[in-house]
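Okay, here's what each chain looks like letter by letter:
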Amino acid sequence: MLFNSLRFAIFFPLVAGFYFFVPRRWQWLILLAASFYFYMSFRPIYILIPAFTILVDYYVARAMEGADDDKRRLLLGLSLLSNLGMLAFFKYFNFLNHALTALLSPLNLADPIPFLRLVAPIGLSFHVFRSLSYTLEVYFGRYKAERHLGIYALYVLFFPELISGPIERPKTLLPQLKQEHPFVYADVVSGLQLALFGLFKKVMIADRLSSFVSQVYDRPQAYSGVSLTIATVLFAFQLYCDFSGYTDMARGMGQIFGLNLMKNFDRPFFSKSMIEFWRRWHISLSSWFRDYLFIPLALTDAARTIENIAVVESIILVLTFLASGLWHGAAWTYVFWGGLNGLYMAVEMLLERPASRLFTPSLLNRWPVKLARVCFTFGLVCFAIILFRAPDLQTFAYIASHLGTGWGALLHEWHSPAYVKMNVMLSQDKMEVLVALTCLLALLSIHWVQRTHSIRQILAGQQRWVRWTIYYAAVATILFFGAFNKSQQFIYVQF
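Not measured: the values here are computed from a predicted model.

Calculation rules
- Residues numbered from 1 in each chain as written.
- Predicted model: local features only at pLDDT ≥ 70, side-chain atom pairs only at ≥ 80, totals over all residues.
- Heavy atoms only, no water.
- Helix = DSSP H or I, 4+ residues; strand = E, 2+ residues; numbered from the N terminus.
- Buried < 20%, exposed > 50% of the residue type's maximum accessible area, 1.4 Å probe, protein only.
- Contact = heavy atoms within 4.5 Å.
- Areas by Shrake-Rupley, 256 points an atom, 1.4 Å probe, with all protein chains shown as cover.
- Disulfide = S-S within 2.5 Å.
- Core = buried A, V, L, I, M, F, W, Y, C linked by side-chain atoms within 4.5 Å.
- Salt bridge = Lys/Arg side-chain N within 4 Å of Asp/Glu carboxyl O.
- Patch = residues over 30% accessible without salt bridge, like charges linked within 9 Å, V, L, I, M, F, W, Y side chains within 5 Å.
- Axes fitted to C-alpha atoms, helices over the stretch in contact; angles between N-to-C directions.
- Left-handed = near helix turned anticlockwise from the far one by under 90°.
- Nonpolar A, V, L, I, M, F, W, Y, C, P; charged D, E, K, R; others polar.
- pLDDT = per-residue confidence, 0-100.
- Polar contact = N/O pair within 3.5 Å; in protein donor to acceptor, adjacent residues only side chain to side chain.
- 1 Å grid on protein atoms, 1.4 Å probe; cavity = no way out; pocket = protein on both sides within 12 Å on 5 of 7 lines; lining within 4 Å.
- Points joined across faces, edges and corners; volume = space filled by probe spheres on them.
- Phe/Tyr/Trp six-rings, centres within 6.5 Å; stacked < 30°, edge-to-face > 60°.

### A few points about the overall build of the chain
Move 1: Within the chain, the regular secondary structure consists of 22 helices and 0 strands.
Move 2: By residue count, 49% of the 495 residues in the chain fall in the buried class.
Move 3: Within the chain, residue pairs in contact and separated by at least 24 positions form 76% of the contacts whose partners lie at least 6 positions apart.
Move 4: Surface exposure of the chain reaches about 24,400 Å², of which carbon and sulfur atoms provide 67%.

Spelled out as structure tokens, the structure:
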């Protein structure tokens, strides 16, 4: 039951109606029941997995309070084992088994451990990381253990953010779940606005661009570097609109219930460096790895004994991004994608001080320089994102090595309809191309305005008839031009 499905369009209003109809002290129970139903709509039996980890983490966190250091470490290990054990078994068992088989092949040991036909539970990586953030916060003494088992279960399984985040921290979400939330018209309007914007990104841009991207990435050998480059750039926007569209819908639904979920994207393609990009892209995951992996590793005694702090931090940063890549999926393409992004960041960190001596702040703030930095950063992101989309490393190597081909022909044959259709429009319908480009231009224009103004405040300042005209036009555009016939699951559902 995905957000862009008819079934969910029936489910959500029913949940919202019951949520505001029942006595406020029972609102959490409505959300918990809805979250269980939502999770079980995918694979009912898999509800036993989060139920098990919820019980383990709930009692582990309570037992940590008042325990001595040795016992607390033991209890934390139990939480890590239950959560990461589930993640490793369902998501990485066959991946690790394949690596083991390759290592043992010289010994003529073919498949020493049988491969399993496993389907990972929906949103496993996300709710595992939410659970771990809770037990880690309790372990470090930054949050008190939750006494209400139902509220804690709702924190882990809250259905708007269940399958693709954002990865909320206990101190931001748990207190809100314990509060009573009356019907607030302004919150409902703001939530619907944000959810509608997310749906626009998904069905008007992401699902429409998917056919362009798949056509090239399914048979990259049939296309020149022109088509490969266009498909890669389009995939960057497809991934962004798909994932940020989900987040916008999740945050919008949360706001309708009176709950504020964290912002997960902040116009990342306007970033002027890779460091800035990762402060704007998948913020909840980036901050999770920063707080629970990068900083603890950087503060270890071994790391602090080395004099060159910048080099140590760069190495730890690459290791952190390798872990982040593995979190995304059990494939070497994801691992190398994470490593490449970590390498980008490490090089930037090492060059930051020398660059500050060469380039003055006044020079860096000139718009041609800022534009060049934005374009260069976007180019780095797109090159790395080939690994994210390619099915294997061999395909990545082919695409990366052929990006420069065909550009000379483009200069000579740009006026040829056949050449343009094959290499630029990718044999797609002209209307599809026009709608996709128009929506992309509209999205970038909105992001440009958001640099200095709030779109919501701009709408709020208009007369009622203007606002409702915009709402009706937006809904009509989505209904008539949305790529519902190509509707796909959200890309990050698989993670």
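Now that the structure is up, let's keep going.
### Some points on the state of the cysteines
Here, the word disulfide means a covalent bond between the sulfur atoms of two cysteines.
Move 1: Scanning all chains against the criterion turns up 0 disulfides.
Move 2: Residue Cys439 stays outside any disulfide, its sulfur separated by 9.2 Å from that of Cys241, the closest cysteine.
Move 3: With relative accessibility at 7%, the residue Cys439 sits in the buried group.

### Looking at the nonpolar core
Move 1: Among the nonpolar cores identified, the biggest contains 136 residues, and Phe159 and Phe257 are the most heavily contacted of them.
Move 2: The element contributing the most residues to this core is helix H9 (residues 225-256), with 15 residues.
Move 3: Among residues more than four places away in sequence, those in contact with Phe159 are Phe3, Phe8, Phe11, Phe12, Val15, Leu31, Ala34, Ser35, Phe38, Tyr246 and Phe257.

### Some remarks on the pattern of salt bridges
Move 1: Applying the stated criterion to the full structure yields 15 salt bridges.
Move 2: A salt bridge links Glu137 to Arg142; the shortest N-O distance between them is 3.0 Å.
Move 3: Owing to a relative accessible area of 47%, Arg142 belongs among the partly exposed residues under this scheme.
Move 4: Of the charged contacts, one joins Asp266 and Lys263 as a salt bridge, the two residues approaching to 3.5 Å between their closest N and O atoms.
Move 5: The network of salt bridges with shared partners includes Arg169, Arg290 and Asp291.

### A short note on the environment of Ala310
Move 1: Mapping Ala310 onto the fold places it in helix H13 (residues 309-328).
Move 2: A sequence separation of 36 residues divides Ala310 from Ala346, and the C-alpha atoms of the two residues are 8.8 Å apart.

### Digging into unusual backbone geometry
Move 1: With an omega of 10°, the peptide bond running from Gly165 to Pro166 counts as cis.
Move 2: The topology assignment puts Pro166 in the loop between helix H6 (149-157) and helix H7 (170-177).
Move 3: Positioned with a positive phi, Arg267 is a non-glycine residue whose angle comes to about 50°.
Move 4: Along the polypeptide, Arg267 turns up in the loop between H9 and helix H10 (274-280).

### Topic: a nonpolar patch on the surface
Move 1: Taken together, the side chains of Val475, Leu479, Phe480, Phe481 and Phe484 make up a nonpolar region of the molecular surface, amounting to roughly 530 Å² of accessible area.
Move 2: Within the element layout of this structure, Phe484 appears in the segment after helix H22 (464-481).

### Here's the deal with the packing of helix H16 (residues 367-389) against helix H17 (residues 393-401)
Move 1: Packing of H16 against H17 leaves a shortest axis separation of 8 Å and a crossing angle of 150°. Of the two possible hands of crossing, H16 and H17 adopt the one that is right-handed. Contacts from Phe383, Ile386 and Leu387 in H16 reach Leu393, Phe396, Ile399 and Ala400 in H17.
Move 2: Residue classes in the contact of H16 with H17 are distributed as 7 nonpolar, no polar and no charged.

### A few points about the confidence of the model for the chain
Move 1: Here the chain averages 86 in pLDDT, and 88% of its residues register 70 or above.
Move 2: The secondary structure element of the chain with the lowest average pLDDT is helix H19 (residues 417-423), at 57, and the one with the highest is H6, at 95.

### A short note on the side chain of Thr377
Move 1: By the secondary structure assignment, Thr377 is in helix H16.
Move 2: Of the polar contacts made by the side chain of Thr377, one reaches the backbone oxygen of Lys272; its length is 3.4 Å.
Move 3: At 3.2 Å, the side chain of Thr377 and the backbone nitrogen of Ser273 are in polar contact.
Move 4: What Thr377 contacts, discounting residues up to four positions off in sequence, is Ser271, Lys272, Ser273, Met274 and Phe277.

### Quick notes on empty space enclosed by the protein
Move 1: Taken as a whole and judged by the stated rule, the model has 3 cavities of 30 Å³ or more.
Move 2: Around the largest cavity, the lining residues are Leu239, Phe277, Trp278, Trp281, Trp337, Asn341, Val381, Ala384 and Ile385.
Move 3: Elements that contribute at least two residues to the lining of the largest cavity include exactly H10, helix H14 (332-358) and H16.
Move 4: Among the elements that take part in the lining of the largest cavity, H16 stands out by supplying 3 residues, more than any other.
Move 5: For the lining of the largest cavity, the residue count by class is 8 nonpolar, 1 polar and no charged.

### Re the packing of aromatic side chains
Move 1: This structure, assessed with the given rule, holds 54 aromatic pairs.
Move 2: A ring pair is formed by Phe126 and Trp327, whose centres lie 5.1 Å apart and whose planes are at 80°; its orientation type is edge-to-face. Of this pair, Phe126 sits in helix H5 (residues 124-139) while Trp327 sits in helix H13, and the two are 201 residues apart along the sequence.
Move 3: Among the residues examined, Phe126 registers a relative accessible area of 0% and is labelled buried.

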